[in-house]
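Notes for the structure review
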Amino acid sequence: MQKQNKASSIVDFNQIREDFPMLKKSMHGKPLVYLDSAATAQKPQAVIDAITNFYQNQYGTVHRAVYELSVHATQEYQNVRKQIQTFLNSAKPEEIIYTRGTTESINMIAYSFGKAFVKPGDEILISEMEHHSNIVPWQILCEDRGAVLKVIPMDDKGDLVMKEYAKLLNPKTKLVAIAHVSNSLGTINPIKEIAKMAHGAGAKILIDGAQSAPHLPIDVQDLDVDFFVFSGHKVLGPTGIGILYGKASLLDQMPPAQGGGDMIETVTFPKTTYNVLPLKFEAGTPMIAEVVGLGAAIRYMTSVGMENIRQHEQELLAYATEQMKEIPGLRIIGTADHKGGIISFVVEGVHPLDIGTMLDLKGIAVRTGHHCAQPTMRHFGIPATARASFALYNTKDDVDRFVVALRDVIKMLQ
Ligand code: PLP
């Protein structure tokens, strides 16, 4: 496991909040309580400064030039790759590929893995609680290759039905693609066990880490997963940058997902040969400033300590859940024993959209809707939920203000 965690006693999470300029804003004349980090996270000053400094003082392209600016930008670009390697504990830096986000990472794997390994009649296994980003690319692939998409069901707490998973695995299963943490329910899935079972059946496994990388220590070698993907903007970094981790032995066998500059070794009209990892998967001028910003974000999170972040968010989750359970007519959707800091809920006789709109007027930002997880909503027989989600910068005071406001709003709307 990673050795990046300070002892929790020295982390003052009230002080951490001070590092985030957006959290000092008011909305509709009220102090902002930001509870939509599952959608996107606010940025610490260190990330904003790193991006500004890069554009103001250091900006240049990567890989292509011998002048100082380019050499420095290239070094920084590679340093951040090593930081991500440490963050995920991958075996080699070249297993870390920069993409634009979780969605692009999954689409690239679906295209490239599909081309290399998926034949007509093969099966891809996903779960009922996936984000659309981890459903639609597999549907496209299956349609393209004549493969079959199978779905692991979940129960009414929001846990995967592991017995059904075991039954669905068979020699035709080529890949299992599962969220580490559900964005709509908060369920933390037992990835180590799921990976072991997938490998036992001869399948590979992809983890959608969009909702786990910002909140839990991740060790891809310990989990023994073949692919792990996440988005920079959810780990306090900028938009437009994401990570695709893949085992080198697999990535080496997969064709490039895009063609263009940087991903080639030699180009002639009859034939092009491709670059080695990771550049084979990084066509074109990359998101250089976004990589710099992501590096600052990962340094920030690591300095707080991922285990400290996990513990803090677990405390907020328990504190908020206890109080919300007391609200008459409120039903929490997603009650798995192992949950991340996400609480989806519905209230009898009140539309989630109205809850979100009225909370906004009180300075509280929560998400409402289907959370890009329509099949999950369908399972629970509801079109939408309201969702409060926590990050390291939230405090018990945020929870108190949210719960007071929520009680008021429900009284007004019911
Ligand atoms: N997967 C999960 C579980 C998510 O929560 C999200 C974003 O909300 C995504 C995938 C897609 O991430 P992005 O939109 O950053 O590509």
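Values in this document were obtained by computation on a predicted structure and should not be read as measured data.

Criteria and cut-off values
Residues numbered from 1 in each chain as written. Predicted model: local features only at pLDDT ≥ 70, side-chain atom pairs only at ≥ 80, totals over all residues. Heavy atoms only, no water. Salt bridge = Lys/Arg side-chain N within 4 Å of Asp/Glu carboxyl O. Helix = DSSP H or I, 4+ residues; strand = E, 2+ residues; numbered from the N terminus. Buried < 20%, exposed > 50% of the residue type's maximum accessible area, 1.4 Å probe, protein only. Core = buried A, V, L, I, M, F, W, Y, C linked by side-chain atoms within 4.5 Å. Domains from an automatic or database assignment. Contact = heavy atoms within 4.5 Å. Buried area = accessible area lost by both parts, 1.4 Å probe. Expected span 1.5 Å × (residues − 1). Near = heavy atom within 4 Å. Polar contact = N/O pair within 3.5 Å; in protein donor to acceptor, adjacent residues only side chain to side chain. Areas by Shrake-Rupley, 256 points an atom, 1.4 Å probe, with all protein chains shown as cover. Nonpolar A, V, L, I, M, F, W, Y, C, P; charged D, E, K, R; others polar. Axes fitted to C-alpha atoms, helices over the stretch in contact; angles between N-to-C directions. Parallel < 35°, antiparallel > 145°, perpendicular 65-115°, else oblique. Left-handed = near helix turned anticlockwise from the far one by under 90°.

**A short note on the pattern of salt bridges**
Inspection of every chain in the model, using the stated rule, returns 17 salt bridges. Note that Asp 122 and Lys 174 form a salt bridge whose closest N and O atoms lie 3.4 Å from each other. Of the two residues, Asp 122 is situated in the loop between α4 (102-117) and β5 (123-127) and Lys 174 in strand β7 (residues 173-179); the sequence distance between them amounts to 52 residues. A salt bridge links Asp 226 to Lys 247; its shortest N-O distance comes to 3.2 Å. With Asp 226 in the loop between α8 (220-223) and β9 (227-231) and Lys 247 in the loop between β10 (242-246) and α9 (248-251), this residue pair connects regions lying 21 residues apart in the sequence. Of the residues examined, Lys 247 reaches a relative accessible area of 22% and is grouped as partly exposed.

**Let's talk about the nonpolar core**
Core analysis: the largest hydrophobic core is formed by 73 residues, its most contacted members being Leu 88, Val 176, Phe 228 and Leu 392. If you tally residues by element for this core, the top one is helix α10 (residues 288-304), at 11 residues. Both of domain 1 (3-44 + 305-413) and domain 2 (48-302) provide at least three residues apiece to this core. Setting aside anything within four residues of it in sequence, one finds Leu 392 in contact with Phe 13, Ile 16, Phe 20, Leu 236, Tyr 300, Val 304, Ile 309, His 312 and Glu 313.

**Concerning the domain arrangement of the chain**
The accessible area lost on association of the parts is a frequent measure of interface size. The domains assigned to the chain are domain 1 (3-44 + 305-413) and domain 2 (48-302). Just the C-alpha atoms count here: the centres of domain 1 and domain 2 sit 27 Å apart. Summing the contributions of domain 1 and of domain 2, the shared interface buries around 3,200 Å²; its carbon and sulfur component is 55%. For the pair domain 1 and domain 2, the number of links is one salt bridge. With a closest N to O distance of 3.2 Å, Lys 157 and Asp 337 form a salt bridge.

**Topic: helix α3 (residues 68-88)**
Across its 21 residues, α3 extends 30 Å between first and last C-alpha, which sits within 8% of the 30 Å expected from 1.5 Å per residue. By the burial criterion, the buried members of α3 are Ser 70, Ala 73, Thr 74, Glu 76, Tyr 77, Val 80, Arg 81, Gln 83, Ile 84, Gln 85, Phe 87 and Leu 88. Trailing α3 by a residue or two, Asn 89 shows a phi angle of about 50°, which is positive.

**Some remarks on the site of the ligand**
The ligand sits among Ala 38, Thr 102, Thr 103, His 131, Ser 133, Asn 183, Asp 208, Ala 210, Gln 211, Ser 231, His 233 and Lys 234. Thr 102 places a main-chain nitrogen or oxygen 3.5 Å from an oxygen atom of the ligand. Here an oxygen atom of the ligand and a side-chain polar atom of His 233 are 2.7 Å apart. In the complex, 84% of the free accessible area of the ligand, which totals 390 Å², lies under the protein chains. For the shell around the ligand, the class distribution of residues is two nonpolar, eight polar and two charged.

**Quick word on the packing of α3 against α10**
At their nearest, the axes of α3 and α10 sit 9 Å apart, and the two run at 40° to each other. It follows from the interaxial angle that α3 and α10 lie oblique. In this structure, α3 meets α10 at a crossing whose hand is left-handed. Every residue of α10 that contacts α3 at Ala 73, Glu 76, Tyr 77, Val 80, Gln 83, Ile 84 and Phe 87 is listed here: Ile 288, Val 291, Val 292, Leu 294, Gly 295, Ile 298, Arg 299, Met 301 and Thr 302. Of the residues assigned to the contact of α3 with α10, the class counts are 11 nonpolar, three polar and two charged.

**Concerning α10**
The terminal C-alpha atoms of α10, which comprises 17 residues, lie 25 Å apart, in line with the 24 Å expected from a rise of 1.5 Å per residue. The buried fraction of α10 amounts to 13 of the 17 residues, a majority that puts the element mostly inside the structure. Immediately downstream of α10, the backbone of Gly 305 shows phi near 105°, a positive value.

**Points about the packing of helix α12 (residues 352-361) against helix α14 (residues 396-413)**
Contact geometry for α12 and α14: axes closest at 10 Å, N-to-C directions at 125°. Compared by their axis directions, α12 and α14 come out oblique. The two elements α12 and α14 cross, and the hand of that crossing is right-handed. Each of Asp 354, Ile 355, Met 358 and Leu 359 in α12 lies in contact with α14, whose residues at this interface are Phe 402, Ala 405, Leu 406, Val 409, Met 412 and Leu 413. Split into classes, the residues belonging to the contact of α12 with α14 amount to nine nonpolar, no polar and one charged.

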